[in-house]
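These are the residues of each chain, in order.
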There are 2 protein chains.
Amino acid sequence: MATQKDVAKLSGLSQATVSLVLNDITDGLVSLKTIKKVNKAVLDLGYRPNRLARALRTSKTMTVACVIPDITNPYYPSLVRGVQVACENAGYDVIIVNTDAKRDRELHFFDLALQGRVDGLLGFFFHLDVSDFGILVEKGIPVVRLGSDLGNKFSAKIDNIHTDNISAARDLTDHMITKGHTKVSMIAGLGGPQLERVNGYKSAITNNKLVESIQLTDEFTEKGGFDATKSLFKLGASPSAIIAANDLMAIGCMRALRNLGLSIPEDVAVAGFDDIPASSLVTPSLTTVNLFQQDLGGVAARLLIERLTGEQNGPPKRQEHPYEIVQRNSA
Amino acid sequence: MATQKDVAKLSGLSQATVSLVLNDITDGLVSLKTIKKVNKAVLDLGYRPNRLARALRTSKTMTVACVIPDITNPYYPSLVRGVQVACENAGYDVIIVNTDAKRDRELHFFDLALQGRVDGLLGFFFHLDVSDFGILVEKGIPVVRLGSDLGNKFSAKIDNIHTDNISAARDLTDHMITKGHTKVSMIAGLGGPQLERVNGYKSAITNNKLVESIQLTDEFTEKGGFDATKSLFKLGASPSAIIAANDLMAIGCMRALRNLGLSIPEDVAVAGFDDIPASSLVTPSLTTVNLFQQDLGGVAARLLIERLTGEQNGPPKRQEHPYEIVQRNSA
DNA sequence: CTGTTAGCGCCTTCAT
DNA sequence: ATGAAGGCGCTAACAG
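Residues numbered from 1 in each chain as written. Chains lettered and ligands numbered in written order. Predicted model: local features only at pLDDT ≥ 70, side-chain atom pairs only at ≥ 80, totals over all residues. Heavy atoms only, no water.

Caption draft 1: Structural view of the interface of chain B and chain A. Listed by partner, the interface residues are 45 residues for chain B and 45 residues for chain A. With both chains or domains summed, chain B and chain A bury close to 4000 Å², and 56% of this area falls on carbon and sulfur atoms. Contact with chain A buries surface across chain B, with Leu52(B), Arg81(B) and Leu281(B) losing the most and accounting together for 17% of the total. Counting across the chain B and chain A interface gives 10 salt bridges. The interface formed by chain B and chain A includes 20 residue pairs in polar contact (both at pLDDT 80 or more). Of all the secondary structure elements, the ones that give two or more residues to the side of chain B that touches chain A are helix H4 (51-58), helix H5 (76-89), strand S2 (93-98), helix H7 (110-114) and helix H12 (247-259) of chain B. Of the residues in the side of chain B that touches chain A, the class split is 22 nonpolar, 10 polar and 13 charged. (Contact = heavy atoms within 4.5 Å. Buried area = accessible area lost by both parts, 1.4 Å probe. Salt bridge = Lys/Arg side-chain N within 4 Å of Asp/Glu carboxyl O. Polar contact = N/O pair within 3.5 Å; in protein donor to acceptor, adjacent residues only side chain to side chain. Helix = DSSP H or I, 4+ residues; strand = E, 2+ residues; numbered from the N terminus. Nonpolar A, V, L, I, M, F, W, Y, C, P; charged D, E, K, R; others polar.)

The structure is reproduced here in structure tokens:
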């Protein structure tokens, strides 16, 4: 690999001058002839700046880490894409890491920043609290946390962008009620934003003086949705509408309903959350809540980059991200 | 951030000794007391090695790039996950970049390696040929190319792992024929492995002395599958089985069939390729070909890492990856 | 057993 | 307008 030294030798200049030209610090200081000489040598040698050396010198890696539970969970790819587009536009690379929503792994990837591997972090940290983030905050490493707003319980000095899952669930439940449903059940798993969604559901049910009917399960997957729906009916519920805490569960719920000989949405209406790609592909297509994941990724990445560049240096932000009910054929 | 110098000062040793201890080059050379002193100082200071400095010195970044067209294409997330798991186990980080299958972007990410940002590359390069890869080969940067085996046309000295799409398509077509179908049509887009799949289909049709019926479309998406199917029938074909060049198209095909009042698989059987997550979720569930993406990612990553570590230094490999027909309810 | 020395490639004052 | 010199944090000979 050609280095600045090689370029300097070939162009008969010093390495320092080459550096100046390459970094465009030529404010009428470097002669045009010199600049041309350098550029020619750069081309001839196929010189590429070594980013590691530059990073070591400037202590800026121009790389950020995007921390997610699992890229194979259909919620995440578009979010990741949003992050990557925003970062690329700003000249940053992205390292993506999967935590499987495990605390030790969430913490483990702090090392990326502590070892000077990346300039900042953004992503989902379900199990970390103020003291955990303290390590990074102390060292001045910016973090943008996604997911629920933990409110006052969570006073870490980092940015947080969240979706108002409570309102979203309330709206979705109201949507069912508006359509005339009076027996609305909910199925949910545990973890992530699912509890907030249950709370939003409860709130809508209470406001409308209806009766709660909630079936929990441990896994928030297609199978979880199938099982929870079966349990629901086995335990005597006979809802005319079911809200699932995410789309995978909703799709499992639909399979269970067909299995029970019920038609959708005529006998039972179904809705979910996340608007994953499969939601528009199943039959009937699934009514759900779009959380604008790609946009969320973009917003988060831009905020992180603003922190990195110093464009943004105010107090930690608590930002909310919009959602939208997508009405399709299942409800 | 604490450095080795700080650790040395605190423990009253030289920085070089600290480095030895930290790199575990202590083969009975360093006294136990010294080791303990260093370890204590490391803990007290919360010292973390700076990986950039190490990388600059050793010219090993312990990072690889995974180059894919688009992470939001459901074929890729599990492949990426396979890559990440394998790399993590070997102590490597992964940078994922999206090319959108555009030539200039495929080429653009060579810079990651040329700038010393990553040690090697692995991924899909649909538009690059021998001379393009030459840049990397010259510098001794390992690349593992995924996707079709270009055979003799492609003589770049890099590893290649491919799926035998021709055989897979032939097998899938035979599967339909074995089930008694004599009018089997195919719908396909352009690009990626789709043409090979068309060729496999043709081969099976010819072997069985049946008549070809192929409908091409420009986009290999759900919509593309819908449109192609509509065209197929509009142009007078009346297949009893349709093979789509990927699952998204197959799902679009199923929508079109329902739209035409045909039931699946009774009136028309449908099958696709890729076994994307949605395939098991649609109704009827889709018969398809599992390409073992996650495993493919793992194999590719391990091969790349073997090249990196020098464990593997033979001639470029041409490796084939298995596939398997997954029979579900659509055919 | 431990310390000295010499860079990896780059940026950045400070001289000239 | 250009060059010399120092150092970012680390590893790796080579001495002692």
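Caption draft 2: Structural detail: unusual backbone geometry. In this chain, Ile264(B) is followed by Pro265(B) through a cis amide linkage whose omega measures 5°. Among the structural elements, Pro265(B) can be located in the loop between H12 and strand S9 (269-271). With omega at -10°, the peptide bond leading from Thr283(B) into Pro284(B) counts as cis. For Asp100(A), which is not glycine, the phi dihedral falls at a positive 50°.

Caption draft 3: How the structure looks around the relation of the copies chain B and chain A. In the superposition of chain B on chain A (RMSD 0.2 Å, axial shift 0.0 Å), the rotation amounts to 180°. Here the two chains are linked by the operation of a two-fold rotation axis. Looking at chain B, 100% of its interface residues are interface residues in chain A too, so the copies touch through the same face. (Least-squares fit on C-alpha atoms with pLDDT ≥ 70 in both.)

Caption draft 4: Structural view of the protein's contact with DNA strand C. With respect to spatial proximity, 24 residues lie near DNA strand C, and among them Gln4(A), Tyr47(A), Arg57(A), Thr34(B) and Arg57(B) are the closest. The sugar-phosphate backbone supplies 61% of the atoms of DNA strand C found within 4 Å of the protein. At 2.8 Å from a phosphate oxygen of DNA strand C is found a side-chain nitrogen or oxygen belonging to Thr17(B). Within the side chain of Thr34(B), one N or O atom sits 2.5 Å away from a phosphate oxygen of DNA strand C. (Near = heavy atom within 4 Å.)

Caption draft 5: Up close: the protein's contact with DNA strand D. Ser14(A), Gly28(A), Thr34(A), Tyr47(B) and Arg57(B) are the nearest of the 26 residues found near DNA strand D. Sugar and phosphate atoms represent 67% of those atoms of DNA strand D found within 4 Å of the protein. Within the side chain of Thr17(A), an N or O atom sits 2.9 Å from a phosphate oxygen of DNA strand D. In the model, a phosphate oxygen of DNA strand D is placed 2.6 Å from a nitrogen or oxygen of the Gln4(B) main chain. Among the elements that take part in the surface near DNA strand D, H4(B) stands out by supplying 4 residues, more than any other. When the residues that make up the surface near DNA strand D are grouped by side-chain class, the tally is 9 nonpolar, 13 polar and 4 charged.

Caption draft 6: Geometry of the domain arrangement of chain A. Segmenting chain A into domains produces domain 1 (4-49), domain 2 (59-164 + 293-322) and domain 3 (165-290). Computed from C-alpha atoms alone, the centre-to-centre distance between domain 1 of chain A and domain 2 of chain A is 38 Å. (Domains from an automatic or database assignment.)

Caption draft 7: Inspection of the sheet that holds strand S6 (residues 184-188) of chain A at higher detail. Residues and elements named next belong to chain A. Read from one edge to the other, the open sheet built from 4 strands follows the order S7-S6-S8-S9, with strand pairing classed as parallel. Edge strands, defined here as strands with exactly one partner in the open sheet, are strand S7 (214-216) and strand S9 (269-271). Strand-to-strand twist in this sheet, taken as the mean axis angle between neighbours without regard to direction, amounts to 15°. By the bridge criterion, 3 bridges tie S6 to S7 in an arrangement that is parallel. Bridged to Met186 within S7 is Ile214. Contacting S6, S7 and strand S8 (241-244), helix H11 (residues 222-234) crosses the sheet at an angle of about 140° to S6. Of the strands in this sheet, S6, S8 and S9 touch helix H12 (residues 247-259), which is tilted by about 160° from S9. (Pairing = 2+ DSSP bridges. Axes fitted to C-alpha atoms, helices over the stretch in contact; angles between N-to-C directions.)

Caption draft 8: Focus on the pairing of S8(A). Residues and elements named next belong to chain A. Neither face of S8 is open: one carries Ala241 and Ile243, the other Ile242 and Ala244, and all of them are buried. Pairing of S6 with S8, which is carried by 4 bridges, proceeds in the parallel orientation. The residue of S8 that forms the bridge with Ile187 is Ala244. In terms of strand pairing, S8 meets S9 through 3 bridges, oriented parallel. By the bridge assignment, Ile242 is partnered in S9 with Val270. At this point the chain moves from S8, through H12, to the parallel S9, and the crossover so formed is right-handed. (Buried < 20%, exposed > 50% of the residue type's maximum accessible area, 1.4 Å probe, protein only. Right-handed = clockwise from strand over helix to strand, strands pointing away.)

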